[in-house]
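# Fold and geometry: a report
Chain by chain, the residues run as shown.
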Amino acid sequence: LINNATIHSNGNSIFIQLIDQGDSLHLSIEDNGSEFKIKDDGNGMGLKNVKTRVEYLQGKFMVETNETKTLFMIEIPI
C-alpha cells in the first residue's frame, strides 16, 4: 500500500498508524494524493494480494477515498 501511494497517488505525504487494541491490530495508511479509483475487476495484483492476505488472517479491509486523500484500513484479530 505504501508503494502504491508513492507511485500512483501524486501526493506528497503518507501517514501510517498501527494500533494494538488488545484483541486486534489496526493498520491505517493515508495519503494526500488523488482519488483512488476502485475498478470493477478488483484493481491490480498488489491490491488483490493485500486483500488475500487480510482474508487469510480473518481480518477486515476497507478503503475510503475522495479527490484529496485515500485511506486504507486493515483490522486483524489477534
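For the structure itself, consult the block above.
Residues numbered from 1 in each chain as written. Predicted model: local features only at pLDDT ≥ 70, side-chain atom pairs only at ≥ 80, totals over all residues. Heavy atoms only, no water.

## Remarks on the overall build of the protein chain
Quick reminder of the rule: Runs of E in the DSSP output that reach at least two residues are strands. Runs of H or I that reach at least four are helices, and both are numbered from the N terminus. With the radius of gyration taken over C-alpha atoms, the globule rule is written as 2.2 Å times the number of residues to the power 0.38.
Looking only at helices and strands, one finds 2 helices and 4 strands in the protein chain. Its helices and strands taken in sequence order, the protein chain reads α-β-β-α-β-β from the N to the C terminus. For 78 residues, the compact-globule estimate of 2.2 N^0.38 gives 12 Å, and the protein chain sits close to it at 13 Å. Counting only C-alpha atoms, the protein chain reaches 35 × 25 × 20 Å along its principal axes.

## Details of the sheet that holds strand β4 (residues 69-77)
Just so we agree on the cut-off: The rule for pairing is simple: two strands pair if DSSP sees at least two bridges between them. Angles run from 0 to 180 degrees between N-to-C directions of axes, and those axes are lines fitted to C-alpha atoms, restricted for helices to the stretch in contact. By definition in these notes, contact holds between two residues if any of their heavy atoms fall within 4.5 Å.
Within the open sheet, the 4 strands sit side by side as β1-β2-β4-β3. Their pairing is antiparallel. Two strands close off the open sheet at either side, each with one partner strand: β1 (14-20) and β3 (60-66). Going from strand to strand, the sheet's axes swing by 10° on average, the running direction of each strand aside. Note that β3 and β4 share 7 bridges and pair antiparallel. Across the sheet, residue E64 finds its bridge partner in β4, namely L71. Sheet strands touched by helix α2 (residues 45-56): β3 and β4. Its angle to β3, the strand with the most contacts, is close to 145°.

## Focus on the pairing of β1
Bridging between β1 and strand β2 (residues 24-31) involves 7 bridges; their strand directions are antiparallel. Looking at the pairing, Q17 lines up with S28 of β2. Taking the residues between adjacent antiparallel strands as the criterion, β1 and β2 are bridged by 3 residues, where G22 takes a positive phi near 90°.

## Digging into α2
Note the following rule: The span expected for a helix works out to 1.5 Å for each residue beyond the first. Classification of residues uses two cut-offs on accessible area relative to the type maximum, computed with a 1.4 Å probe and protein chains only: under 20% is buried, over 50% is exposed, and between them is partly exposed. What the arc describes is the spread of directions from the helix axis to the C-beta atoms.
For α2, with 12 residues, the first-to-last C-alpha span of 16 Å sits near the 16 Å given by 1.5 Å per residue. The set of residues buried in α2 consists of L47, V50 and V54. Considered in projection along α2, the buried side chains sweep an arc of 60° and stay on one side of the axis. Residues of α2 that are exposed and point more than 90 degrees away from the buried face comprise M45, R53, E55 and Y56. Just downstream of α2 lies Q58, where phi reads positive at about 60°.

## Points about a nonpolar patch on the surface
Short version of the rule: What makes a patch is a set of residues exposed beyond 30% relative accessible area and free of salt bridges, joined within 9 Å when like-charged and within 5 Å when nonpolar (Val, Leu, Ile, Met, Phe, Trp, Tyr). Here, Shrake-Rupley sampling with a 1.4 Å probe gives the accessible areas, and only protein chains in the shown set may cover a residue. Definition used for salt bridges: Asp or Glu carboxyl oxygen within 4 Å of a side-chain nitrogen of Lys or Arg.
There is a patch of nonpolar side chains on the surface, built from I2, I14 and I16 and spanning about 240 Å² of accessible area. Positionally, I14 belongs in strand β1.

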